[in-house]
Amino acid sequence: MKLHILLFALQHLDANAFLSSPTNEINHAGTTTMYAQQQSLYYAAAGAPSVNMDKYNLPLERSINEWTAVVQAESSMQSSGIFLRAKDKELFVDTLQFAVRREGGLGLLLTEIAGGREDGVGITIIEEVLAGGNAERSGIVAGDSIVALTVASTDENGMNVNEMRIDVATECLGYDATIDALTSLPPPASAEDEVTLTVKRIRKQPKVNVKLQYPPYLDEPDVSIELFAGENLRRAMLTRGIKLNDKLAERFDSGGSGDCGSDGTCATCVVGVTKGKDLLSPMGQQEEQILKKKPRWRMACKAVVGYGMTEGEMTLQVSPRQWEI
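Here the structure is a predicted model, which is why all the values come from computation and not from measurement.

Notes on the environment of Leu316
Topologically, Leu316 is positioned in strand β13 (residues 312-318). Here Leu316 falls in the buried class, since its relative accessible area comes to 0%. Considering only alpha carbons, one finds Leu316 and Val273, 43 residues apart in sequence, at a separation of 4.7 Å. If sequence neighbours within four positions are ignored, Leu316 has contacts with Val210, Lys211, Leu212, Gln213, Leu233, Met237, Val271, Gly272 and Val273.

Structural notes on the pairing of strand β8 (residues 194-204)
For β8, the tally of buried residues reaches eight of eleven residues, placing the bulk of the element in the interior. Bridging between strand β3 (residues 91-101) and β8 involves eleven bridges; their strand directions are antiparallel. Bridge pairing in β8 links Arg101 to Glu194.

Re the side chain of Gln205
On the secondary structure map, Gln205 appears in the loop between β8 and β9 (207-213). A distance of 3.0 Å separates a polar side-chain atom of Gln205 from the backbone oxygen of Lys89. Of note is the side chain of Gln205, whose polar atom sits 3.4 Å from the backbone oxygen of Leu91.

Parameters and conventions
- Residues numbered from 1 in each chain as written.
- Predicted model: local features only at pLDDT ≥ 70, side-chain atom pairs only at ≥ 80, totals over all residues.
- Heavy atoms only, no water.
- Helix = DSSP H or I, 4+ residues; strand = E, 2+ residues; numbered from the N terminus.
- Buried < 20%, exposed > 50% of the residue type's maximum accessible area, 1.4 Å probe, protein only.
- Contact = heavy atoms within 4.5 Å.
- Pairing = 2+ DSSP bridges.
- Polar contact = N/O pair within 3.5 Å; in protein donor to acceptor, adjacent residues only side chain to side chain.

See the structure below:
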């Protein structure tokens, strides 16, 4: 099997600069299934993207500077190991999968941006997608880091058909270890054989600019805040010091003081949406029933901004019932 994979030494970093703590183990626990689950969980709040996410991609030079890695203990969502992260909190790491034909090589140039360790730990990214190569129109872009490889084959023995799948994890490996993983795959059985590449890509987090307006009698100036797609509106506003407990709101639960704690029953956190309603997640059945007479109101506790990973501008009226005084 011929691999069109070359090393271009763009940048070499001290491995200790990107590891949270030293480790002598290379992470081989990841699988394509795990990465698919991680991606699904990430988009769970904002919903499936309704825009072309490539608009949030970074240029290669910035990707090189933003890649880092962390050592993470085992959790319910992820196995223990070393995982790629973005340095800037306004960026996120997306997980994508692409099928590339194997015969004739992948057509990718790799570069190690951190490594040199005896245990093979490092960060290797795609420096260039070669014109005319198998990966040219796959969707892979420069700056991506290959984190897993999957090949599948079928073995027919009479009436029995056996499917074999091989997963190889490559996240946070140096150049040499990445090449070793690639060459460990069995040779293609035919010219049509493909390998599924799971890659991680740094992207900008979509933002929503929100203008908050207070009831006129309060004589308060408008306030502008910036929220990330996928944030719960109530939680995001409270963490930014915006008071939402409308004392005049008609309660729909059993009554009492204070709010219901995001259960969507008291309606004390409602806001009036005068611009950008399409940037919020759709109403659930309970919220729609409670607010059926107020079509421009939303329960902040049940609304997610930037739904579908969209960007835009919103204008909200805080404590909308007090605007009726």
